[in-house]
Amino acid sequence: MKIKKEYKEITSEILNDENFSKLKEDGHHGSNRYEHCKRVSYMSFLMAKLLKANYKDTAISGLLHDYFHGTTNSNEDISYLTHPITSAKNAKKDFNINKEEEEIIRTHMYHYALVKHTFPFINKREKVTAKDYKPTSKEGYIVCLSDLLVSIFEVLTFKVRYNTCLYFIFLINLMF
Ligand SMILES: [Fe+2]
Ligand SMILES: [Fe+2]
């Protein structure tokens, strides 16, 4: 209970912000980006507590790691590799984040950069060296790992829900 209260105190200003709430309009892994960011933030906060890292920085940067408005601002540069830079820029402008938080957001796609480095045929148009996205702090690795784990969880649960719906539609079709 104390942990949840502490987490709320750190994040409530951003969570209740009008611009940040617009992320609810953007679909993400079968849910929306507001929920995705909240999950990554809370997991990063807990992990940082466990690893004695800066839990405030991980909670804030976890919350803002995907802070862009894909559906309401189509002018933003939001590819797999550019959205961390766009998010860091938006977060700095709207929430005046510190240098460490900015760097954590900028490097949160290290997992993707590693995959692309290993399999260069994926998304050939975007060139990247994994080094450019390597986190520079323990907190950076925490947010990157949380993003990866939460994304896997979201995609898997979405698939289960999707397949369950298909199964029910199939059953209903059999009944009529
Ligand atoms: Fe991201
Ligand atoms: Fe993410």
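Caption draft 1: Geometry of the overall build of the protein. Scanning the protein from N- to C-terminus turns up eight helices and two strands. The helix and strand sequence of the protein, counted from the amino end, reads α-α-β-β-α-α-α-α-α-α. Based on the C-alpha atoms only, the size of the protein along its principal axes is roughly 60 × 45 × 35 Å. Out of the 176 residues belonging to the protein, those deemed buried represent 33%.

Caption draft 2: Spotlight on the packing of helix α5 (residues 83–95) against helix α6 (residues 99–106). As a packed pair, α5 and α6 sit with axes 8 Å apart at the nearest point and diverge in direction by 155°. Looking at the two axes, α5 sits roughly antiparallel to α6. Judged by the twist between their axes, the crossing of α5 over α6 is right-handed. Here Pro-84, Ile-85, Ser-87, Ala-88, Ala-91 and Lys-92 of α5 come into contact with α6, specifically with Glu-102, Ile-105 and Arg-106. Counted by class, the contact of α5 with α6 contains five nonpolar, one polar and three charged residues.

Caption draft 3: Region of the structure containing the nonpolar core. Formed by 32 residues in total, the largest nonpolar core has its most connected members in Leu-63, Leu-64 and Ala-91. At the level of secondary structure, the elements contributing two or more residues to this core comprise α3 (33–50), α4 (55–64), α5, α6, α7 (110–118) and α8 (138–175). No other element matches the seven residues that α3 contributes to this core. Residues contacting Ala-91, with those up to four places away along its chain left out, are Leu-64, Tyr-67, Ile-97 and Ile-105.

Caption draft 4: Geometry of helix α1 (residues 2–15). The first and last C-alpha atoms of α1 sit 19 Å apart over 14 residues, in line with the 20 Å expected at 1.5 Å per residue. The axis of α1 is deflected most strongly, by about 45°, at Glu-9.

Caption draft 5: How the structure looks around the environment of Ser-31. As for its position among the elements, Ser-31 is in strand β2 (residues 31–32). In this structure, the C-alpha to C-alpha distance between Ser-31 and Val-155, residues 124 residues apart in sequence, is 9.4 Å. Leaving out residues up to four positions away in the same chain, Ser-31 has contacts with His-36 and Glu-154.

Caption draft 6: Structural detail: the packing of α4 against α6. Taken N-terminus to C-terminus, the directions of α4 and α6 make an angle of 45°; their axes are 9 Å apart at the nearest point. In terms of orientation, α4 and α6 fall into the oblique class. Where α4 crosses over α6, the two elements pack in a sense that is right-handed. Of α6, the residues touching α4 (which contributes Asp-57, Ile-60, Ser-61 and Leu-64) are Glu-100, Glu-101, Ile-104 and Ile-105.

Definitions and limits used
Residues numbered from 1 in each chain as written. Chains lettered and ligands numbered in written order. Predicted model: local features only at pLDDT ≥ 70, side-chain atom pairs only at ≥ 80, totals over all residues. Helix = DSSP H or I, 4+ residues; strand = E, 2+ residues; numbered from the N terminus. Buried ≥ 20, exposed ≤ 12 C-beta atoms within 10 Å, placed from the backbone. Axes fitted to C-alpha atoms, helices over the stretch in contact; angles between N-to-C directions. Parallel < 35°, antiparallel > 145°, perpendicular 65-115°, else oblique. Left-handed = near helix turned anticlockwise from the far one by under 90°. Contact = placed C-beta atoms within 7 Å. Nonpolar A, V, L, I, M, F, W, Y, C, P; charged D, E, K, R; others polar. Core = buried A, V, L, I, M, F, W, Y, C linked by C-beta atoms within 7 Å. Expected span 1.5 Å × (residues − 1). Bend = angle between axes of the 7 residues up to and from the residue.

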